[in-house]
Amino acid sequence: MFVFGKQDCARSDRFSVEASYSAFVGTYRALMLYHALALNTQRRGFSELKWTFLFAIEVSRSGCSLLPHYHYWIKSKRIVTPDGIISGAVEVKGKFITSVVTENDWRGTSKGEQVIDYGEAVVMPGLVDVHAHLDDPGRADWEGFPSGTKAAAAGGITTLIDMPLNSFPSTTSTESLELKIKAAEKNIYVDVVPENAFNSSALEALLEAGVLGLKSFMCPSGINDFPMTNANHIKEGLLVLAKYRRPLLVHAEIQLDSESHLDLNTEDARSYSTYLKTRPPAWEEAAIRELLTVTKDTRIGGSAEGAHLHIVHLSDASSSLDLIKEAKVNGDSLSVETCPHYLAFTAEEIEDGDTRFKCAPPIRDASNREKLWDALMGGHIDMLSSDHSPTVPELKLLSDGNFLRAWGGISGLQFVLPVTWSYGKKYGVTLEQLALWWSERPAKIAGQKLKGAIASGNFADIVIWDPSAEFDLTNEYPVYIKHPSISAYMGRRLAGKVFATFVGGNLVYKEGKHAAAACGVQILAKNMNKLTGLFIKRPLYIFRSMDYLSKDKAKETKFHTARRFVVRN
Ligand SMILES: NC(=O)NC(NC(N)=O)C(=O)[O-]
Ligand SMILES: [Zn+2]
Ligand SMILES: [Zn+2]
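Everything numeric in this text was worked out from a predicted model, so none of it was measured.

### Regarding the site of ligand 1
Thought 1: Of all residues adjacent to ligand 1, which total 15 residues, the nearest are Asn166, His251, Ala360, Asp387 and Ser389.
Thought 2: In this structure, a nitrogen atom belonging to ligand 1 sits 3.2 Å away from a main-chain N or O atom of Ser221.
Thought 3: The separation between an oxygen atom of ligand 1 and a polar main-chain atom of Ala360 is 2.7 Å.
Thought 4: Protein contact buries 97% of the 320 Å² of open area that ligand 1 shows by itself.
Thought 5: Of all the cavities here, the one that holds ligand 1 is the largest pocket.
Thought 6: A per-class count over the shell around ligand 1 returns five nonpolar, nine polar and one charged.

### Some details on the coordination of the zinc ion (ligand 2)
Thought 1: Listed as protein donors to the zinc ion (ligand 2) are His251 (ND1) and His313 (NE2); their distances from the metal cover 2.1 Å.
Thought 2: Classification of the site at the zinc ion (ligand 2) rests on its four donor atoms, whose angles at the metal span 55 to 146°, yielding the label irregular.

### Side note on helix H13 (residues 416-424)
Thought 1: Counting buried positions along H13 yields eight of nine residues, so the element is predominantly enclosed.
Thought 2: Inspection of H13 places Val416, Leu417, Pro418, Val419, Thr420, Trp421, Ser422 and Gly424 among the buried residues, and these make up the whole buried set.

### Brief notes about the UniProt feature "domain: Allantoinase composite" (unreviewed entry) in the protein
Thought 1: Mapped onto the present numbering, the UniProt feature "domain: Allantoinase composite" (unreviewed entry) falls at residues 67-121.
Thought 2: What you have in residues 67-121 is 0% helix and 58% strand, and the ends, taken at the C-alpha atoms, are 18 Å apart.

### What to know about the coordination of the zinc ion (ligand 3)
Thought 1: Looking at the zinc ion (ligand 3), the protein donor atoms are His131 (NE2), His133 (NE2) and Asp387 (OD), and they sit 2.0 to 2.2 Å from it.
Thought 2: Around the zinc ion (ligand 3), the four donor atoms sit at angles spanning 86 to 130°, and that spread fits a shape best called tetrahedral.
Thought 3: Counting residues between consecutive donors of the zinc ion (ligand 3) along the chain gives the motif H-x1-H-x253-D.
Thought 4: Taken as a pair, the zinc ion (ligand 3) and the zinc ion (ligand 2) show a spacing of 3.8 Å. Across the pair, exposure class does not vary: His131 and His133 are buried alike.

Scoring rules and cut-offs
Residues numbered from 1 in each chain as written. Chains lettered and ligands numbered in written order. Predicted model: local features only at pLDDT ≥ 70, side-chain atom pairs only at ≥ 80, totals over all residues. Heavy atoms only, no water. Near = heavy atom within 4 Å. Polar contact = N/O pair within 3.5 Å; in protein donor to acceptor, adjacent residues only side chain to side chain. Areas by Shrake-Rupley, 256 points an atom, 1.4 Å probe, with all protein chains shown as cover. 1 Å grid on protein atoms, 1.4 Å probe; cavity = no way out; pocket = protein on both sides within 12 Å on 5 of 7 lines; lining within 4 Å. Sits in = over half its atoms within 2 Å of the grid points. Nonpolar A, V, L, I, M, F, W, Y, C, P; charged D, E, K, R; others polar. Donors = N, O, S within 2.8 Å, 3.2 Å for Na, K, Ca; no water. Tetrahedral: all angles 85-135°; square planar, octahedral: opposite > 155°, others 65-115°. Buried < 20%, exposed > 50% of the residue type's maximum accessible area, 1.4 Å probe, protein only. Helix = DSSP H or I, 4+ residues; strand = E, 2+ residues; numbered from the N terminus. UniProt positions renumbered as here; feature names shortened; annotations may be inferred.

In C-alpha cells form, the structure reads like this:
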C-alpha cells in the first residue's frame, strides 16, 4: 500500500494513478500496415486512388471502421471549430484531420476522395470523458470494456479515462496495470486511463509505466482494496507528480461526524432526504479546505510546481466552490468538474426508494443546481465528466430501495451529451461551450494535445449529432451500457441524437451500429509517440493552471486550439 509520509493509523492510505488507455489498438495496427503499403506503392509510382483501394481492403478486413475510406471529407453547415462555428468541410486522411475549410474555400474533391455530407447536423470534437468506471478486469459483470466503450461510442465519447477502481484488483501497481492493459486489449471501442500505488517507488513505477495521472479518495471509496488518502499523502504525491507534470484527480469529501446526530435506526432508509443528510455539503467543504493547504505547493515557484490537482464531481456549489475560486485566483494549479446528473436532477424530485439516483457526493436541492449552472456558465467550473459508476442491479437494491445500503454511483455514460444539451438549453448553453466543457479542457487534463478540437493536425475524433432530434429513453431504445435498468436517465425524454462517431478517422458508430472490431488504442505516456506516429521530443505536459480559463479570460482563451496550447512554466 502506498503511504505518503506517515501513515495515519486510522486510515489506510493509497493513491490511484490513472493511466491513459487510448482507443483503437486495431485501428493503429491497420493504419501502420496501410502506411507501409502506401509507402511501397508510392515508391512504385502508384496513385492515391490505388492507395485508397488498398486501404479499403485493409479496413474492411480489420473491421475497425464502418467507412472504408482513407481520404475523405466531412461536410456540414455546423462544424464547431476553435475559431467558431463554420459551414464547410473537415478533411480526414488516415487517422488525422488534415484541413478544416469554410464552404467558400472548399475546392471540391479530387479522384479517390469521398464526401460525407451531414447537412445541418452538428460536427463537433469527440467528447473526452475524464472520469468513468468501466470495472474491468474483475467486475466486468458491472460494466466491462466492451459494453462501456460501445456505450461511449454511441454517445459521441471518443476518449475516456478509466478510473483505477472498481476493477478488481484496483489498479495500484504495475502488475495490476498489466492486468488492466490485458483486459482492454482488443476490447475497447474508445480511449481510456487507470492507477494506484503502495509506496513512492511504486507510484513512480506506475508513472514510469506510462500512467497519465493519479486518483485518490479523501473518504472511503466503497472498495476494500482502494483505501483513502489524507492531505499529507496528497502533499507528498504532488511532489512526485510534479516531476512528471501529470495531474491528481481527487474525490473531495471528508467524513464528518454529522451523521452521528442522525439515528439511522429511526430514520427511513428509503427516504432520499435521509441519505442527503448523511453526506452534507460540509463534507465537500472540509475536504476542499484541506486540499487547498497543499495545492498552494503547485503555484509557480512552489515545491510541487508542475503538478495539477483536479477535483472530481463537485456537487456543492456554495462554500466549496467559493474556496476553489479563491485558490485559483491565488495561482494554485487547480481545476474542477461537475457531472450531468448534478445539472439535471434535484433532490426534491427523487422519489423515495429510487436508488438509481444514489451517488456521492449526493444530488442536492434545486437551488444548488441553479448555482452549479451559474458557476458552469460563469467559467468557475472548468469541465464536465460522466462519473459513470455502474454496478449489478442487485447491488442497487432497486426493489428494496434502501438508500443507505445501495451502491452509490450514477450510470449514464451514453447520455451525457444529450443530457447536458437538454437540461442546458434553458440556461442558453451553446455548442461552443459543449465543446469546451466536454472536449477541449478534458483533453488537456488527459494530456492529449492532439485531441479535443476540430483542427488540422489533430486526431480525427469527431461526433456528428442532431441537437433538435428528440427521443425517449424507453426499454426499446438502443442502450449499450450493460445494465440500463439502473440508469437514472431511463424514462426521460432528451434532445440531441448522436448519428455517428469517428475515432482516429475510423467510423466506429453509425445510427445504432458499431464497427465489427474493437480497435481502441490504449494511451500510456510511453506509447503516445506511437499513437501519433510523431516523435515528441518533450514530454506531454498538462497545463500549469486552469485559472486562465476562468470567467475574465474565458472569451479570449475559449477557442485556443490544442495545437496552440502552450504550457505556462
Ligand atoms: N467507487 C465508486 O465508483 N465511487 C463513485 N461513486 C459515486 N460517485 O457515487 C465515485 O466516483 O466516487
Ligand atoms: Zn468519487
Ligand atoms: Zn467516480
